[in-house]
Every structure is written in C-alpha cells, then in structure tokens.
Amino acid sequence: MFQWLFSGTLAQTWSVWYRDRDRITVICASKGSSVVFDCIYSYPANQRVGRKIWFTPRGDTKQDGSQLGDGVFNTSGLTNKSRYSGRTEFYDQDNNCTLKLNNVTEDDSGRFFFRFEANTSNQPPQGFTGSWGVDLTIPGKSRFVLQNLGWSERDHVTLACTSTCNPPQMEFLWFKDGRPLPGVSGVHGGQYRLGPLSPNDTGSYSCGLGKGTSTPILLDVRYAPRNVSVKVSPSHEVVEGSRLTLTCSNNANPAAETYTWFQRTGTLTSLRLGMGKEHTFHEIDSDDSGLYFCMAQNAVGSQNSTEQEVKVIGTATLLYFLYLQKATLSRPEDIYENMKWSAKPITDPDDMNYAELNFRPAPSPR
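Residues numbered from 1 in each chain as written. Predicted model: local features only at pLDDT ≥ 70, side-chain atom pairs only at ≥ 80, totals over all residues. Heavy atoms only, no water.

Quick notes on the sheet that holds strand β20 (residues 223-233)
Part 1 of the argument: One open sheet holds the three strands; their spatial order is β20-β22-β25, and the pairing between them is antiparallel. Edge positions in the sheet fall to β20 and β25 (278-281), since each has one partner strand and no second. Looking at each pair of strands side by side, their axes are set apart by 10° on average, direction ignored.
Part 2 of the argument: Alignment of strand β22 (residues 244-253) against β25, held across four bridges, turns out to be antiparallel. If you follow T247 over to β25, its bridge partner there is E278. (Pairing = 2+ DSSP bridges. Helix = DSSP H or I, 4+ residues; strand = E, 2+ residues; numbered from the N terminus. Axes fitted to C-alpha atoms, helices over the stretch in contact; angles between N-to-C directions.)

So this is what it looks like as structure tokens:
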C-alpha cells in the first residue's frame, strides 16, 4: 500500500512512514488481541541497512522518539525487554518494517517508533527514527449504556457500547448472562437493538472488544400480571360458621401491588368484596355461597383470575345429613327386632293397636 512512496527521489531519502504519514497513527485495541503497526522506510541507495529496532519511550525518555526507550523488537536479538518476548512478529522484507504485537495488555498502551541504522563502507552506522510514531491504546473496560428507559413488554430498547477508543477500530461483541448472543457478535457501531421485548429478554447484558468485556447491566423486562388464580382453603365446600381463606396468586414484574376481590352475584354483575392478596371469612354464612375471582394489578397492567365456586353447607342441612348417616342400619332384620303383633285379627279400626318401634343406630365407622 505504500509503494507509491518509493517513486522518484523519495526512495533516495532517509524516511520512515507509518499508516498515517502526516500525523500520529492511533490504534485502539482490546486486551488480549493482536495489533499491527504498518511501517515502510527508505534510505539513500549508497547505504547498507544494518540493525532495525522498534521501541517505546519509557520512564524519563522523551516521547518524541529522539531517545531510545524499551526495546520491543531488535533484529540483532539484543536489548529487547523480556515482557515482549515471544509476542512480536516482524515483517522484514524489502522496505517493509511492519510489526505485529500479540496478546496486548493494558501495560502496552503508549507510543511506538521504528528506527533503522545504515552506513556506507568504512563509515560508522547512521541511525534514523521515524517521527510521529504509533499511539497504542488498550482500554481497561468498555463502557455500557442502555438507551430507552421503557423496558416493558413489547417495548424496543437500544443497547449502546462505547470504549475509550474513539472511534473504535474493532467489532463489538455482545453477551447475555455471560454467553455470546447468537447472531449479533461482531456488530459495527456499538449498538444492538432488541424488541419487541418479552420476559425471556430479561438478563444481564454486556459488551466488549475482543477479550475485554464491560460491566454487566441488568435489563429487566416488566409485564402485567399473568396466570392469575385463586386458591380456596381449606376446601371449596365448607360448613356455615367456619373459617375460609381465598388467596390470589400470579406472575408479574414488578410484583402485583393491588389485589381486588369480587363475588359473582348474577350473570352480568359482581360485588366487590375488598382488597389484599388474601380475603378471609372468619365465620362464613350460607349467603356467601357463590363464584369468586380476584384482579391482580401492577404499574404495567392487570388481569382477572378464573372464577372459583364456594359452597356453604347450612347447619340444619349438616345435622340432617349426620342423622341419616348415623341412622343407617347394618342389617334389614334389625328394623323388626322390637315389633309386637296383636293376638287377634283386626277388623275394627278402633281395635287397632300401634306397635312400638325402637331404632338402634348402627355403630359409627372407625
């Protein structure tokens, strides 16, 4: 890409060109990724190139490349800092001086320069360092922003990811609950759109560049109460004067704040009983028999439950039922056990005698 630089007299001059020839080349990359420092150089034809060096100013050295700092790569194999060992690849071909740095860390942030040495016969080496240099930035964390605050069911939300790289030069990755989102990795521009939202979209979302990820942020999808139901305790059939509790259950986000109870009193009408997750009859009356339902409501919406029937058994009905149960006889012959017959035929109603019947209740079941 830089071949045009070597036409005419440019090829006869001392020069080093990075990707941006008239300003500092800025590269932003994520922790753990690889970066490439594009570079070409030229020199007078009567010179012979010797040592080639990539270095970064450190400590008290000047940041303009006029002083050597930490050695990143050296064709002589000397003076390189051990922290760069095994992480560099140098494309030493013709006038190419491109360097690739692998597995970058936050400590690699800084400015990098290329320097080469050349000389003629019997002359000491002359060094030349390319000005401007390459500025490498490794952001510590991506910054995560959620746009659109209406996170209710069926809403649309835009997830926006930014980093200290401006502009970012890598593709953003997106994660939900720590797992890559299918089909959305490598999104350009740092934005990901969701919608219409459903409860399944609730989770912790994060973004990143390469191996670096942002701090997760919870996307909490709100929805109106659903699956509203009524539980009757202890039973749908209860004796008059007993205690009966109705409980309203549902799924909602946020949790339902208001519960309203109704009793169906006709085909099209209902009677409002009260408020609260539970409605209790401390001494239920026979008039309380009927159909009951509840309405659960939160800030998003409301839903009614299905109706539940409650039957209240009156005291008289219960006593009659118990009497019949206790009067059940185990043997048919017990009915006639104490019957007394008249000694003579009965022809006149006035002569009719009435037998005395004694009913003995059957033993209670155990």
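A word on unusual backbone geometry
Part 1 of the argument: Of the consecutive residues G195 and P196, the connecting peptide bond is found in the cis state with omega at -5°.
Part 2 of the argument: Mapped onto the fold, P196 is located in the loop between β16 (191-194) and β17 (203-209).
Part 3 of the argument: Cis geometry is adopted by the peptide bond preceding P234, which originates at S233 and carries an omega value of 10°.
Part 4 of the argument: Phi is positive for W132, which is not a glycine, with a value near 75°.

Comments concerning the packing of aromatic side chains
Part 1 of the argument: For the structure on display, the rule yields 18 aromatic pairs.
Part 2 of the argument: Arranged with centres 6.2 Å apart and planes meeting at 50°, the rings of F116 and F128 form a pair that is tilted. Of this pair, F116 sits in strand β9 (residues 110-119) while F128 sits in strand β10 (residues 126-129); the two residues are 12 residues apart in sequence, bridging distant segments of the chain.
Part 3 of the argument: Residue F128 is classed as partly exposed on the basis of its relative accessible area, which comes to 26%.
Part 4 of the argument: Connected via pairs of aromatic rings, a cluster forms that spans W14, Y18, F37, Y41, Y43, W54, F73, F90, F112, F114, F116 and F128.
Part 5 of the argument: Taking the ring centre of W17 as reference, the NZ or CZ of R21 above it sits at 4.5 Å. (Phe/Tyr/Trp six-rings, centres within 6.5 Å; stacked < 30°, edge-to-face > 60°. Buried < 20%, exposed > 50% of the residue type's maximum accessible area, 1.4 Å probe, protein only. Lys NZ or Arg CZ within 6 Å of the ring centre and 35° of its normal.)

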